[in-house]
Structure formats: structure tokens, C-alpha cells
Amino acid sequence: MDLTAFLVAIFFSACLQAVDGLLVPANKFIDLALPSYDYIVVGGGVSGLVVANRLTENKNVTVLVLEAGDLDSGPDLVTIPGLVGHGFIPSQNWNITTAPQESLDNRTRDYGQGHVVGGGSILNGLVMTRGARYDYDAWLTLGNPGWSWHGMLRYFKKSENFTACVAPEDSQNLHIRPHMKVHGQKGPLQVGYPRFFYNSSRNFLEGISELGIPLLPDINTGIAAGASVAPATINDRNQSRADSRRAYLDSVLSRPNLHLATQQTVTRVLFGTEAVDEDSERPAKGLKRAFGVEFATSFDSPRKRMACNREVILAAGAIISPSLLQVSGIGPASVLDELGVPVQIDLPGVGQNLQDHAMVGAFYNYTRFGMFTANNLTGSILEEVESQYFANRTGPLTHPLISTLAFASLRHLDTNWETLLSNIPSSEPESHLPPGPGQHPTILEGYARQQHLLTSLLARSSVGALEVMADSIGTLTAAVQHPLSRGFVRALSADLLANGSVARNILLDPRYCSHPFDCDIIVRGLKLNNQLVKTKAMQQLVPQPAYPWDDLTSQNDTALLEAVHSKLQTEFHPAGSTSMMPLEFGGVVSPRLMVYGTSNLRVIDAGIIPLLPAAHIQAAVYAIAEKAADIIKQDSSTMSGSDPNNGDVTPPPNPFTNGPPGLGPGIAEGPGVAGRVNDDHGRPYQS
């Protein structure tokens, strides 16, 4: 070990003793932070923690993770699978609200997103599905070499510690027979099955089978159109939630080269001198280089700055990351001009191509006498169930809200599916995309190519067009899986902390059903529900539809559509707003996840997904982050600064000091401007 590395190790050891681990409290950051870090990761959710874990496997690499939220204390509402769906802890939720949905009922929708270390994996429903192999092959077709199903499978496996521990009776009755060759057993993330299943799960599967939809023994093999009991992110040993913090962070608390700073909201990525070609000493292709980030604990608190030696990595999610790019000067020039932000890179795709799985829950109350459902978990029964769970980790509290589901192909939904598909390519992209930046020629071209690909995908019998999720009490939720609607994300202020709330400074407009195909699919899904509850298997549950499903016939499309418009909500799967596509298709990042026009700024979260897979997206996000970590390591080894697909890792001069790289304080008064004491909003920098 050289002297520098030795001194760094000693410094880290002192810091860790002071803070009882790698956590850097907000009020101790100035005292404990290093002068600079090799990598700064913005966001301590799924993708951020995965990459931080993998990069710090190299003890000579330093990583700082900046997370706006805090550590969770492991409350029952978070950790117990049976309590999923009982609401979010307010402090762990960004509390974002959508714009009024003009193609529905002009009402807003609440949009929960993780504001906590672990991100969405602390809030989600635990469902672990990957989608069809053709979903990922479509990414490849959109110009992303290495991102096919084959390219992703190794990373699905790398993230997993899969346990196929299911009672023989449940395995037989519920057709649970995992194909172990497509699962990993050495990864950090625990994936498996609960130790309890409600009886209605079997009725659902048998009813779906009566409708001609196949039963899948394993929904994660790449053939995803069919019904199954989906695996979940559950720790098999103690039947509790398995999340990214416990999988990727807690296990590496002893690493001295990883710092996590909580309650730190990044407000800007900072750019300095352009990347320089060593041979010519000229800017390398005009690429911008990120020298660090600006961040703060609140609007009124001093802004701090930290320098990076290698890369800034955005992992703040498909809503925050594009907003952060925009306030940093990367995005559509017209948006940046409105914000009063100097244009670093005019990149039209930033914030565009937003996609989400929209859903409608229909309630068919199961009224069979003596039937046990989650509704029975009250009073003395709940006390007994809690005792069972805490004593031996069995019983109903091990079962998440959703485990039984079906992905129906378009062929399952409509006998005239070919006619339905034939209308998609003929629709003009301009009429289905948002005004302003959404009408840029590259965005239109990218959307036209997506339409063509989606037409091909939806024609396949092995690709899901609609998901039906079943709980134990009679809710059958229909969700469109390959939406044609596209929304956008836009910063509303140059300061994301203005008015004391990031949520108030971001315009989120999913534009649900701006393409009518999406609501048409959900209508067909509700009609499928009506058929399902009439099957022999489901009639055993004595389902009683609740309003407004009680007076809708399977043929009343107009009434169903009106119900969809008023009842539609989100499945909380935002993606696509920093798409991995070629520039000429409106892309934001390359297949190496480098932001176009930069040499060392990457995005690694769900925003890079160019087309949503028919799946709950946490499996994809874990895999994306695992793959991103390998890409970053590979590019680091090239030591090349002339190609945005490689990423320069040569430590640049620190713009926040007057001395050699790495010697000055990372928390500075200004970006290399002597005597500057205020930030761009008139507040003092902390020094």
C-alpha cells in the first residue's frame, strides 16, 4: 500500500469510529467528508446502493453516496410483508403529485416515490418479475448493443440470492416450480416465496386457466405471458422485506472507502473545463466534464460542494434525475431558458419519453362463508397472527399484498387483436406526444420507432399486454403493460429546494391514456375480470362486485371507459425520462449510460429504460445497476478521455482549490473563483 492510500485508510478509520459506521450525519459532513471522492453517486436507492457496493469492492476507489432521505428504522409497516399496502411512512415518501390528467378526468394523482435510504425497495410491493425476453431484445433493437435479454440475464442472476423453499402441497396446488438455471443463488438480494398462501390464490390460477391463459411454473424464464405465483423480495430465513439497503449496504458497513451522507439533496451537477485530449491539449470533442455536485440539507441551509475525481453518477430515479439534469444545464434549451439556467448541453430528450404502467383496481368481494382473507386480520385474530409471525416467522403476515398474478397477451384479450394492432403504426406521433420539447424531430423519430417495436411485441403470444393482480379479498387490478402514452418531467424552478419542497418544483405529467390504446387495453382487462369471476373456480369464492363494477356488463365499453378514467392510478413504475437510445431517437444516455455530450456523467436508474417491460420493474433496476457497475469498472480500466462510451478516469485538477488534485477542501466557496462567497441564489457557501 502506498503512503497516500495508507493515510486515506487511517482517515476513514477515524471517521467510521466517530460515526459508528459509514453513515455521515448531515451536521457532521464538513468534519468527516474526504477532500474529494472518485465517484459521487446521487441517490441512495436501489441503483445507487448497488453501484456503490460494487465500485467499493476495489479498496482503492472512494465513493460518496448523497441521499436526500434518511435511514429507516425498520418499522413493521416496512419490514412485514403482510403489511404491504397499508400506506407509506410520510417521511419516506417524496409526496409527488402529478399534473391534472387531461385524457382522464382532469384530476391529479398521488405519486409515491422513495425518499429514504433504499429508495423504492423500502416502499414497493415486493413483487419480483422480469418480463419477456422480447421486452429486452427490443432495447437492443433501439440501438443498445449488450442490452438484450441475454445481456441482462447474467445480471438478473448476479443480483439474486434465490430460494425455492415452498411446501410440497403449495408447490403442487399453485404450480410453483422454479427453473433454477435462470436464477442466481449467490447474489446479495434475497428472493423467494412466503410461507403462507391464501386459498383464493388457487382459485385465481384455476380460473385463469379456464380462460385459456397458461399457467407458468416460473414467470421469470423469459416467457412471461401467463399466470403464476410471483417470487418476492423476501428474506427466506426471517420472512421479512429484502430491500437494497439490507442487501447492498448493511453488508459492507466495514468498508472504509464508502461514505453515505443522508439528508443531503443534490441541487446541481457542476461543470468545469471541458475534457482535454492529452495529445492535442484541446477539448476532446467538446465534451463537458462534471467536476462535482452542489447539495444542501434544506433551502435555507448553506450550499456545499464536493469534487469528484472520476465520475458523477445519477441514481435519483426517473423523476428526480431528469429534473436534476435540467437545473444543471442539460436538457431542452427551451426548458432551460424558461428556468433561467445557462445551457451546458441542449439535449431534447431529457425529461421526455416518460412511461408508466397505469392500473385500475376492480373489487369483487369474496363472500364465501368461512373464507379466510386479509380482512380477517383484526382483533384477536390479528393478535394471534402477529404472535405466530414473531414466534416462528410463519402465517398470513408472511404473505405480501400481491403474489398471484397473470400477464395476458393481446391475443388473450381480443379475438380481433390484429385489427387493434394495425391502427397503431398509422397514428401520427405528433398527436400523441406533449407540446413543446416533445415535438422535437428526434423525439418524434424515437417515438415512431417505439410504436413500430411495440406493434411487433404485442403481436407475440409470449409477451404480456395486460397484468391482472389478485389479492386475497377480491381486488382484481388491471394494468396496461406496454403503454403507448408518453409523458414528461420538467423542473419548475432553477432551485429544486425552493419553497422547501422538491416535489413542488417538479412537474410530473404521465399523460395517462393520451394515446387511447392504453385505456382500451385496461377496458379489455376489466372485461377479462368479468369473465374470470364467472369461471367455475372463481364462483366458489362467491364474488360480489362492488360499485361501479356491479352494474357494468361485459359489453358496456362506454361505461367501463368512464370508470377507467375516474379510477385509474399508477403502478409506480416511472421510466424512460433519460432514455438509453441514440441521439437521433431522442436518447439521453449511450449504451454505456454516459449522458451525451459529457465525458464522466452517467445515469443508472429506471429513467434509462427506453421501453417498459411487462413486469414490476425492480428486477430490471437491480440488473441495470449491476450491469452499470461492470460498465463503469470496464471504462475505468481503459483510462481513455476521448470517448463518451469509455469515460475518462484521470483525476482532473480540482476546480474548487488552487492546489494540485485532491489536496484542497471539497466543501468550497465557489467553482474555482477566488473570493466568491455566495451561490447563484444569493446564499453563502459553507466553508
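Residues numbered from 1 in each chain as written. Predicted model: local features only at pLDDT ≥ 70, side-chain atom pairs only at ≥ 80, totals over all residues. Heavy atoms only, no water.

1. Examining the UniProt feature "domain: Glucose-methanol-choline oxidoreductase N-terminal" (unreviewed entry) in the chain
Okay, step 1: In the numbering used here, UniProt assigns the feature "domain: Glucose-methanol-choline oxidoreductase N-terminal" (unreviewed entry) to residues 317-331.
Okay, step 2: Summarising residues 317-331: 73% helix, 13% strand, and an end-to-end C-alpha distance of 16 Å. (UniProt positions renumbered as here; feature names shortened; annotations may be inferred. Helix = DSSP H or I, 4+ residues; strand = E, 2+ residues; numbered from the N terminus.)

2. Things to note about helix α6 (residues 133-141)
Okay, step 1: Within the span of α6, buried status applies to Asp135, Tyr136, Ala138 and Trp139. For α6, the buried positions fall inside an angular range of 145 degrees around the axis, keeping them on one side.
Okay, step 2: Structurally, α6 contributes buried residues whose contacts are with α7 (149-159), α16 (441-458) and α20 (618-638).
Okay, step 3: Among the residues trailing α6, glycine 143 stands out with phi positive, at a value near 100 degrees. (Buried < 20%, exposed > 50% of the residue type's maximum accessible area, 1.4 Å probe, protein only. Arc of directions from axis to C-beta. Contact = heavy atoms within 4.5 Å.)

3. Considering the packing of helix α17 (residues 516-532) against helix α19 (residues 557-567)
Okay, step 1: Packing of α17 against α19 brings their axes to within 9 Å, and their N-to-C directions diverge by 110 degrees. Relative to α19, the element α17 lies roughly perpendicular. Both α17 and α19 take part in a crossing whose hand is right-handed. Within the contact between the two elements, α17 uses Cys519, Ile522, Val523, Leu526 and Lys527 and α19 uses Asp557, Leu560, Leu561, Val564 and His565.
Okay, step 2: In terms of residue class, the contact of α17 with α19 is built from seven nonpolar, one polar and two charged. (Axes fitted to C-alpha atoms, helices over the stretch in contact; angles between N-to-C directions. Parallel < 35°, antiparallel > 145°, perpendicular 65-115°, else oblique. Left-handed = near helix turned anticlockwise from the far one by under 90°. Nonpolar A, V, L, I, M, F, W, Y, C, P; charged D, E, K, R; others polar.)

4. Considerations on the pattern of salt bridges
Okay, step 1: On inspection of all chains with the given rule, the structure shows 22 salt bridges.
Okay, step 2: Put simply, arginine 54 and glutamate 626 hold a salt bridge, and the shortest N to O gap is 2.9 Å. Placement of arginine 54 in helix α3 (residues 46-55) and of glutamate 626 in helix α20 is noted, with a sequence separation of 572 residues between them.
Okay, step 3: Taking the relative accessible area as the measure of exposure, arginine 54 reaches 11% and is therefore buried.
Okay, step 4: For glutamate 626, a relative accessible area of 0% corresponds to the buried category. (Salt bridge = Lys/Arg side-chain N within 4 Å of Asp/Glu carboxyl O.)

5. Describing the packing of aromatic side chains
Okay, step 1: Throughout the structure, instances matching the rule amount to 14 aromatic pairs.
Okay, step 2: Pairing tyrosine 111 with phenylalanine 572 gives two aromatic rings, centres 5.8 Å apart and planes at 75 degrees, and the pair type is edge-to-face. Residue tyrosine 111 is found in strand β5 (residues 110-111), and its partner phenylalanine 572 is found in the loop between β24 (569-570) and β25 (601-603); the two are separated by 461 residues along the sequence.
Okay, step 3: With centroids separated by 5.6 Å and ring planes inclined at 75 degrees, the aromatic side chains of tyrosine 136 and phenylalanine 156 adopt a geometry described as edge-to-face. Pair noted here: tyrosine 136 is in helix α6 and phenylalanine 156 is in helix α7, with a separation of 20 residues, a long-range link. By the burial criterion, tyrosine 136 is buried, and phenylalanine 156 matches it.
Okay, step 4: Among the aromatic side chains, those forming a connected cluster through ring pairs are Tyr136, Trp139, Trp147, Trp149 and Phe156.
Okay, step 5: Over the ring of tryptophan 147 we find lysine 627, and its NZ or CZ is 5.0 Å from the ring centre. (Phe/Tyr/Trp six-rings, centres within 6.5 Å; stacked < 30°, edge-to-face > 60°. Lys NZ or Arg CZ within 6 Å of the ring centre and 35° of its normal.)

6. As for the state of the cysteines
Okay, step 1: Applying the stated rule across the entire model yields one disulfide.
Okay, step 2: Sulfur-sulfur distance for the disulfide between cysteine 513 and cysteine 519 comes to 2.0 Å. Taking the torsion about the sulfur-sulfur bond, which here is approximately 90 degrees, the covalent link between cysteine 513 and cysteine 519 counts as right-handed. Summarising the burial analysis for this pair, cysteine 513 and cysteine 519 share the class buried. (Disulfide = S-S within 2.5 Å.)

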